[in-house]
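# Structure assessment
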Amino acid sequence: MYLYLSHNPRTLYLVTGSYDERKGRPQRALVFRAAEANSAQVIVEFLPKDEVNLTSAVRLTSRIIKGCLGLISVENDTFLAVVSSATEVGNTRPSDSQFESVAKIHEVLFYCLTSHSWDDFSASQDTLLNPENADALMTREQQHYSQSTTPPVFEHPCMPLTKILSSGSFYYALDPAWDLSSRLPVRLARDRSNAHDIGIFDERFVWNEYIVRSLLNFRERLDPPEREELDKCQFIILAIQGYVGVFTMALPAPPVNGAPVIATLSLISRLGWRRAGTRFNTRGVDDDGNTANFVETETILTTDQHCVSYTQVRGSVPLFWEQQGLQTFGQRIQITRPHASQPAFERHFAHLMEEYGATHAINLLGSKENEAILTSAYAKHLQIARSIWGDELSITHYDFHNAVRIGGHDSVMRDICRLEGVNNNMERYGFTMCDASIDSLITEQKGVFRTNCLDCLDRTNFVQDIFSRKALEQYLSLVHREWLQAGALWTHHRELWAENGDALSRIYAGTGALNTSVTRTGKRTLAGVLSDATKSVSRAYINNFQDKGKQIAIDMFLGNMNNQRQVDIFDAIHDSVGKALQQRLPEYSTTQSCSIFAGTWNVNGRLPSSESLLPWLFPRDRKSICRPDIFVLGFQEIVQLTAQQIMQPDPERKRIWEQKVMETLERRPQRTCDYVLLRSEQLVGTAILVIVRSDLTAVIRNVEGAARKTGLRGMSGNKGGVGVRLDYYDTSFCFLTAHLAAGHSNIEERNADFHTIVKGLHFQKGKTLSSHENIIWLADTNYRIDLDNESVRARSEADDFDSLVAADQLRQAIDNGDAFFGYEEGPMLFRPTYKYDLGTDNYDTGEKMRIPAWTDRILFKGRFDLAVYSRAELKSSDHRPGKLFSVFALFRSEVRIIDVVKRAALSRLLLENTLSATPGEKLDEKLASLVLPDESYSELPPPSTDDDAWWNRPEHPKGIFSISIAHLLESNTANPFDSSEESPFSSSPSSSDEELYSHAMGLQSPITPVRKPPPPPPRSRYTDV
């Protein structure tokens, strides 16, 4: 097929060519142009070729286009991604009546629909890439990402995407279309009529799902004959990332006629995209149970008699852990949510059990400190999870490095399959085998091995190679024992796994895999040792200094950037439904109240004393039942701000404060709930702790931390800000603590620090501070009072707060729009917290005689009701601490809970009524008048009677009734016997500060249903139109 461009209006044409027609494809054209009314939308038409006028069109490239990957918006322009170079890898299952051939993508080009600015591409982009130069391409890609993050003026905005997609790691299925994203037993279980339906695929592994989604929706809206024609043209490509290798060989035949048997050995690795990224940027698990570097690898052996498939998976340790800062060979690991990982951990294994059946984890981590920490946490979480799944979930810990150190790599090959848990489950899980002539399943694999090391690369690939060979030996021992000694088979098997290790390692770590010399030859050579040393050094440099830009490009391609918009294909009907659905948000969502306890404390470098923190964490009526949903505690000067601490801050101080706070919460009087430390972050002396009720960990997701230095023009962390963001149900929060520039007259420096933090604090996937619905700052702002010392002290003693507020530098900065514009603060009804003589009620009597000020502040933006804003009375600091340190505030807020079942039902109802609208009918009024039926169980069959039982009806064979996932996702209702918040028994009129605090803390907290295991997140195929 060929690609053309015409102007007025600017239009791209993807048109079948003579080559396509010789292969029997229809003569059609797929036409793209930007919508006039909305440049964010694209108009797509599927037309007969003879209806397209190409007389004034220009052919954009002399290449034959293989197909398109989709549409993407970059820097306010819309681009069409097309595959311009690909080569066939081979036929993975030649015995099948329909070929299952695979092509490797070598070049992807992006053409703009909305602007002519990018029509003249550089020579490098128009040069055909050599399919054999994958390593050279990766080197050029790494050099690109190591440059400044500011692109050259004339660089194509999609160049980072081009480099990733043209790296030789993406594959797609050739004609006739088949589902490369799904393993063999899944494909065979489908109806034969759906075997070549490109709309059926495994969403976990199709990497261009985000940019191709609009085209797939367009395809679904076509009439069935048109849809079939579109599929035959192969305009749409679904690509996986990973590795595909194929070898065909002759193996000895039984002594019948002497002719050898032609066998094909294939290896397909499918890299998951849901937690995609580079080595040090993406680790562990996310809240939906997706892990970094998750790969499904399938070994396929095909003969004229049988087709055998064996599947394994790998993935990062499914806990919340990361590696921050500069990483060398002694890698520093931080488990960021040690007490709140269980829900995500169980979601991960729930996905595996649902997809593959029984799961046996192989943990290859070593006994060194950092890896041992992960192993211990892994074992603890899995033991808890076994209470759900019992023997269906198990684990084997095998210190790979220690085994190699003692007995070499040969000992691993010899011993690992002899381990009891491995050997038993290898026999128990078996493999999948089908009759090659009729594609009928004979036996199916009943479980999966999940292998991990730290990166899930070198050690993992080595062990998976062993398991793959063991599975093939099981099959051969039953059917072709003579092939057990076939040298060609095992040589090709080793080569495939070595290439697989290199390919996956280049994707995740930037270099080929270590230990590949052992995988290829079975021996450790001097050349292999030197090669591994070179790769290790290269990895350390690439991962520390080059991967950040690559991570941004990956997130852009996958649609993970916070401000990114998905390209829509214009459809008036679906646009009307989407608009009506948004307007009726309250109909498919509910809200729950939550309480947040925020406080800030400058501890002046001191460790916690024996003094109780109860007056700080519960500063009012400690006898009342007080249980905020969330504690947010900000510290400043948690370490002494010396040069040594600034260069290498001591994390032990933060851990001591964490322990002191958690002990206080555990030992508080009348304890009615438990708390866990959700996340903590530190930037030299500034630290933040976010602590939540333990029963809320299942509904708090996407927890991240970030920091921004402001000292010495952004180079030093003695001043700066650190933040934690999270999603509580479907509402986003961001909490920040900061230490701004000191000095009475340094107002502009403090304003500049604020703006530096706001602009420079970045979370994953492009999220910034402004991305959040609710924001709370709890900080030592260092803003002072512009009055003389004597006046401030006198007015403070007289509680003349109004006159002090009028001279407050922070309030003046807000009023002038210089800093914290749009933020609110509670009334200042307490005396300035800075600066006291330590342990006394006296303002500074030292040599400097500092002017008292409200330096410790809490400001907020979003949907908050401020219940209390005051200070507490601890005397272990020169700043007076407050409700959560130095100054405290108690907030009430609401979180929104989206009911995906109701949203999908309402979307269907709106769509059906839109399609049934008659000419002249007022559609807006019709849609507004629709009411969603309250039929919670409308899908269930009617009750049985003496004369009729639903399980005997033909539509329910064998009494089986399939319940949609919609019912499984329905949330439980609250307890009807709970008192409402408006009940006169739960509250009373109050006016004093103490009564307000006690009343606010005593309000009913959200009731969260506890499920084991946590429910999986809704899949995209169940979302609204």
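Residues numbered from 1 in each chain as written. Predicted model: local features only at pLDDT ≥ 70, side-chain atom pairs only at ≥ 80, totals over all residues. Heavy atoms only, no water.

### Focus: the overall build of the protein
- In terms of helices and strands, the protein carries 27 helices and 32 strands.
- Counting only residues that meet the buried cut, the protein has 56% of its 1025 residues in that class.
- Excluding contacts between residues fewer than 6 apart, the proportion of contacts in the protein whose partners are at least 24 apart in sequence is 71%. (Helix = DSSP H or I, 4+ residues; strand = E, 2+ residues; numbered from the N terminus. Buried < 20%, exposed > 50% of the residue type's maximum accessible area, 1.4 Å probe, protein only. Contact = heavy atoms within 4.5 Å.)

### Let's talk about the nonpolar core
- If you look at the biggest cluster of nonpolar residues, it comprises 56 residues, and the most contacted ones within it are Phe 467 and Leu 489.
- Ranked by residues supplied to this core, first place goes to helix H11 (residues 458–479) with eight residues.
- If sequence neighbours within four positions are ignored, Leu 489 has contacts with Met 249, Leu 251, Leu 265, Leu 301, Leu 476 and Trp 483.
- Grouped together as the second largest cluster of nonpolar side chains are 46 residues, Leu 683, Phe 860, Val 887 and Ile 897 included. (Core = buried A, V, L, I, M, F, W, Y, C linked by side-chain atoms within 4.5 Å.)

### Structural notes on the side chain of Ser 411
- Note on placement: Ser 411 falls in helix H9 (residues 400–415).
- Among the residues examined, Ser 411 registers a relative accessible area of 4% and is labelled buried.
- When sequence neighbours within four positions are dropped, the list of residues in contact with Ser 411 reads Tyr 398, Ala 403 and Ile 416.

### Quick notes on the sheet that holds strand E23 (residues 630–636)
- Reading across the sheet, the six strands line up as E24-E25-E23-E22-E32-E31 and stay open at both edges, with mixed pairing between neighbours. Both edges of this open sheet fall to strand E24 (675–683) and strand E31 (864–871), since each of them pairs with a single strand only. For this sheet, the mean inter-axis angle between neighbouring strands, taken without regard to orientation, is 20°.
- As paired elements, strand E22 (residues 589–602) and strand E32 (residues 887–898) share 12 bridges and run antiparallel to each other. Bridge pairing links Cys 594 to Ser 893 in E32.
- Against the sheet, helix H19 (residues 651–666) makes contact with E22, E23, E24 and strand E25 (686–693), and its axis sits at roughly 155° relative to E24, the strand it touches most. (Pairing = 2+ DSSP bridges. Axes fitted to C-alpha atoms, helices over the stretch in contact; angles between N-to-C directions.)

### Structural notes on the packing of helix H7 (residues 342–356) against helix H8 (residues 369–389)
- At a closest axis distance of 10 Å, the pairing of H7 and H8 adopts a crossing angle of 60°. Judged by the inter-axis angle, H7 sits oblique to H8. In this structure, H7 crosses over H8, and the sense of that crossing is right-handed. On H8, the residues that touch Gln 342, Phe 345, Glu 346, Phe 349, Ala 350 and Met 353 of H7 are Tyr 378, His 381, Leu 382, Ile 384, Ala 385, Ile 388 and Trp 389.
- A per-class count over the contact of H7 with H8 returns 10 nonpolar, two polar and one charged. (Parallel < 35°, antiparallel > 145°, perpendicular 65-115°, else oblique. Left-handed = near helix turned anticlockwise from the far one by under 90°. Nonpolar A, V, L, I, M, F, W, Y, C, P; charged D, E, K, R; others polar.)

### Remarks on the pattern of salt bridges
- A full pass over the atoms with the stated rule returns 52 salt bridges.
- Taking the shortest distance from any N to any O, the salt bridge between Arg 190 and Asp 179 comes out at 2.9 Å. With a gap of 11 residues between them, Arg 190 in the loop between helix H4 (184–189) and helix H5 (209–220) and Asp 179 in the loop between strand E9 (170–173) and H4 connect regions that are remote in the sequence.
- By relative accessible area, which is 7% here, Asp 179 ends up buried.
- Asp 287 is the partner of Arg 337 in a salt bridge, and the nearest nitrogen-oxygen pair spans 2.9 Å. With a gap of 50 residues between them, Arg 337 in the loop between strand E15 (334–335) and H7 and Asp 287 in the loop between strand E11 (261–271) and strand E12 (295–302) connect regions that are remote in the sequence. For the pair Arg 337 and Asp 287, a shared accessibility class is recorded, and that class is buried. (Salt bridge = Lys/Arg side-chain N within 4 Å of Asp/Glu carboxyl O.)

### Details of the pairing of strand E16 (residues 358–363)
- Across the six residues that make up E16, a large majority, six, are buried.
- Burial along E16 is two-sided: Ala 358, His 360 and Ile 362 and Thr 359, Ala 361 and Asn 363, pointing in opposite directions, are all buried.
- As defined by bridge partners, E16 adjoins strand E20 (residues 447–452) across six bridges and the pair is classed as parallel. Each bridged residue has a counterpart across the sheet, and for Ala 358 the counterpart in E20 is Gly 447.
- As judged from the five bridges shared by E16 and strand E17 (residues 393–397), these two strands associate in the parallel manner. Bridge assignment links Thr 359 to a residue of E17, and that residue is Leu 393.
- With H8 bridging E16 and its parallel neighbour E17, the resulting β-α-β unit is right-handed. (Right-handed = clockwise from strand over helix to strand, strands pointing away.)

### Notes on the sheet that holds strand E21 (residues 568–569)
- An order of E5-E1-E2-E3-E4-E21 is seen for the six strands of this open sheet, with the pairing classed as mixed. Only two strands of the sheet have a single partner each, and these edge strands are strand E5 (58–59) and E21.
- Here strand E1 (residues 2–6) pairs with strand E2 (residues 11–15) via five bridges, running antiparallel. Counted as the bridge partner of Leu 5 is Leu 12 from E2.

### Topic: unusual backbone geometry
- Looking along the chain, the bond that leaves Asn 8 and enters Pro 9 is cis, with omega of -5°.
- With respect to the helices, strands and loops of the structure, Pro 9 is situated in the loop between E1 and E2.
- Here the amide bond leading from Tyr 834 into Lys 835 is cis, since omega sits at -5°, within 30 degrees of zero.
- Here Lys 835 shows up in the loop between helix H23 (809–816) and strand E30 (856–861).
- With phi around 50°, Glu 75 is a residue other than glycine that occupies positive phi space.
- The residue Glu 75 is located in the loop between strand E6 (67–74) and strand E7 (77–91) in this model.
- Glu 75 gets classed as exposed once you look at its relative accessible area, which sits at 58%.
- Backbone geometry at Asn 702 places phi at a positive 55°, although glycine is not the residue there.

### Regarding the state of the cysteines
- Under the defined criterion, the tally for this structure stands at zero disulfides.
- In this structure Cys 158 is not part of a disulfide, and its nearest cysteine sulfur, from Cys 112, lies 8.0 Å away.
- By relative accessible area, which is 0% here, Cys 158 ends up buried.
- Unpaired in this structure, Cys 434 has its nearest cysteine sulfur neighbour in Cys 307, at a distance of 4.6 Å.
- The class of Cys 434 is buried, set by a relative accessible area of 0%. (Disulfide = S-S within 2.5 Å.)

### Topic: the pairing of E22
- Of all 14 residues making up E22, 12 are buried, and the element is well covered by its neighbours.
- As paired elements, E22 and E23 share six bridges and run parallel to each other. Counted as the bridge partner of Phe 597 is Phe 631 from E23.

### Thoughts on the environment of Ser 505
- Inspection of the secondary structure puts Ser 505 in helix H12 (residues 487–509).
- On the basis of relative accessibility, which here comes to 0%, the residue Ser 505 falls in the buried class.
- In the structure, Ser 505 is positioned 44 residues away from Asn 461 in sequence and 9.7 Å away in space, judged by C-alpha atoms.

### What to know about H5
- Extensive coverage of H5 is indicated by the burial of nine of its 12 residues.
- Of all the residues in H5, the buried ones are Glu 209, Tyr 210, Ile 211, Val 212, Ser 214, Leu 215, Leu 216, Phe 218 and Arg 219.

### Quick word on the packing of H11 against H12
- Their axes nearest at 10 Å, the elements H11 and H12 cross at an angle of 150°. Judged by the inter-axis angle, H11 sits roughly antiparallel to H12. Taken as a pair, H11 and H12 cross one another with a handedness that is right-handed. Taken together, the residues of H12 that come into contact with H11 (itself represented by Asn 461, Gln 464, Asp 465, Ser 468, Arg 469, Leu 472, Glu 473 and Leu 476) are Leu 489, Trp 490, His 493, Arg 494, Trp 497, Asn 500 and Gly 501.
- Of the residues contributing to the contact of H11 with H12, the split by class is five nonpolar, six polar and four charged.

### Comments concerning the confidence of the model for the protein
- Looking at the protein as a whole, the pLDDT averages 83, with 80% of positions reaching at least 70.
- Overall, residues 964–974 carries pLDDT values under 50, and its contacts beyond four positions in sequence, including any with other chains, amount to 17 contacts.
- Ignoring residues within four places in sequence, the model shows residues 1004–1011, a span with pLDDT below 50, making 26 contacts including any to other chains. (pLDDT = per-residue confidence, 0-100.)

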